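Fold and geometry: a report
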Amino acid sequence: MSTATVSIATICFDGFGDEDFHRTFTHAKQVGVRQIEFNAWYARNLTPAGLDSIVSRCREHDLTPASLQISPFAPGPDAPDVARETARWMWLLEAAERLGVRVIKATGSGRGQRGGLERLIDLLALIGPVAEQRNLTISVENHFNNVIEHPQDYRDLFDAVQTPAVGMCLDTGHFLASGHDLVAIVEEFAGRIVQVDLKDCAAPGAATFVRFGAGAVDFDAVLSRILTTGFDGYVVIELPLIEEDTMLADLRAGAEIAARYLPLSDSDLER
């Protein structure tokens, strides 16, 4: 039996704004999932007080921090840039431990920016072993038109950075937008995939994300294959908020996809 776990991202409830996770804490249990990925993109979320607030509110609402997503890797082309980014990550590793999570997720910058893939590899070669020493995992997420977008980007990364503390977050919507076969990616990178983000995309060629079932992602093919590979990470429902009025129905559709293969935190969806 797979030991993978279903979680849900705060972006599903709060969108990209600085909402201090209020809608997440109000509605997450109504989707039936109690494991939460916190998209901590705003400074107040990552202060000691901000982290303490997340932990205390999770206890109050019977939710559990699952993983931490932070702003993209941004090493830059020059040595001082890499030093600053390394220093940022030293605090992020500490922040993850304060939050009680073992996984930190980030994507890269735009392709050709911030020193490109070469500087990102340099950064991960520095911070990856530190994460390994602390029993933490850095989850590197693919994005459309990003420095980490294609399978070849991950081949180059994993050839250079071999610590198991650095792995792939397979974002189904972004990989489809970039025109890739999701099952082929699962088969090639099975040993390095540490998270799967469930997101639907209208069609290859653009990052147009739609409600679950309205796009072209074959979730059944991806989940049925990856759960035979020994994958034991988080399967994250990650549909960015579309409309608040349909939010719960949209997210329950994602939970129902995941529940075909894995138990939810609460098997009976609250209505």
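Residues numbered from 1 in each chain as written. Predicted model: local features only at pLDDT ≥ 70, side-chain atom pairs only at ≥ 80, totals over all residues. Heavy atoms only, no water.

**So, the packing of helix H2 (residues 22–31) against helix H10 (residues 247–259)**
As a reminder of what qualifies: Fitting a line to C-alpha atoms yields each axis, with helices limited to the stretch in contact; the angle taken between N-to-C directions then spans 0 to 180 degrees. Starting at the N terminus, helices and strands are each numbered in turn, a helix being any DSSP run of H or I of at least four residues and a strand any DSSP run of E of at least two. Angle categories: roughly parallel below 35 degrees, roughly antiparallel above 145, roughly perpendicular from 65 to 115, and oblique for all the rest. Handedness of a crossing follows from how the near helix is turned relative to the far one, being left-handed for an anticlockwise turn of less than a right angle and right-handed for a clockwise one. Only heavy atoms matter for contacts: two residues are in contact if any of them lie within 4.5 Å across the pair. All residues other than Ala, Val, Leu, Ile, Met, Phe, Trp, Tyr, Cys, Pro, Asp, Glu, Lys and Arg, Gly among them, are scored as polar; the first ten of these are nonpolar and the last four charged.
Where H2 contacts H10, the two axes come as close as 9 Å, and the packing angle between them is 45 degrees. By the criterion of interaxial angle, the relationship of H2 to H10 is oblique. The handedness of the crossing between H2 and H10 comes out as right-handed. From H2, His27, Gln30 and Val31 reach across to H10, where they touch Met247, Leu248, Leu251, Arg252 and Ala255. By residue class, the composition of the contact of H2 with H10 is five nonpolar, two polar and one charged.

**Describing the sheet that holds strand S10 (residues 234–237)**
What counts is decided by this rule: Strands qualify as paired when DSSP identifies two bridges or more between them.
With parallel pairing, eight strands are arranged side by side around a closed barrel as S1-S2-S3-S4-S5-S6-S7-S10. On average, each strand axis in the sheet is inclined to that of its neighbour by 30 degrees, with strand direction left out of account. Bridge analysis of strand S1 (residues 5–9) against S10 gives four bridges, and the strand direction is parallel. Bridge pairing in S10 links isoleucine 8 to isoleucine 237. Strands in contact with helix H8 (residues 182–189) are strand S6 (166–171) and strand S7 (193–198); relative to S6, the strand with the most contacts, it is inclined by about 165 degrees.

**Here's the deal with the side chain of arginine 192**
Using the following cut-off: When accessible area is computed with a 1.4 Å probe and restricted to protein chains, residues below 20% of their type maximum are described as buried, those above 50% as exposed, and intermediate ones as partly exposed. Charge counting follows a simple rule: Lys and Arg are positive, Asp and Glu are negative, and His as well as the terminal groups are ignored. Put simply, a salt bridge is a Lys or Arg side-chain nitrogen that is within 4 Å of an Asp or Glu carboxyl oxygen.
Mapping arginine 192 onto the fold places it in the loop between H8 and S7. Of the side chains bearing the opposite charge, aspartate 159 lies closest to the buried arginine 192, which forms no salt bridge; the N-O distance is 7.6 Å. Discounting chain neighbours no more than four positions away, the residues touching arginine 192 are Phe158, Val161, Gln162, Thr163, Val166, Gly167 and Met168.

**A look at the packing of aromatic side chains**
Applicable threshold: Centres within 6.5 Å are what make two rings of Phe, Tyr or Trp a pair, Trp counting through its six-membered ring; a difference in plane orientation under 30 degrees is then read as stacked, over 60 as edge-to-face, and the rest as tilted.
Scanning the entire structure with this criterion turns up nine aromatic pairs. Measuring from ring centre to ring centre gives 5.1 Å for phenylalanine 21 and phenylalanine 38, while their planes differ by 80 degrees; the resulting arrangement is edge-to-face. Within this pair, whereas phenylalanine 21 is found in the loop between helix H1 (11–14) and H2, its partner phenylalanine 38 is found in strand S2 (residues 35–39), the two being separated by 17 residues in sequence. Residues phenylalanine 21 and phenylalanine 38 agree in their burial class; the two are buried. What links up through ring pairs into an aromatic cluster is the set Tyr154, Phe158, Phe175 and Phe189.

**Section: H10**
Put simply, the rule reads: Expected span of a helix, by definition, is 1.5 Å for each gap between consecutive residues, and there is one gap fewer than residues.
Over its 13 residues, H10 runs 18 Å from end to end, which matches the ideal 18 Å to within 8%, given 1.5 Å per residue. Met247, Leu248, Asp250, Leu251, Arg252, Gly254, Ala255, Ile257 and Ala258 are the residues of H10 that are buried. Looking at the buried positions of H10, the neighbouring elements they touch are S1, H1, H2, S7, helix H9 (219–226) and S10.

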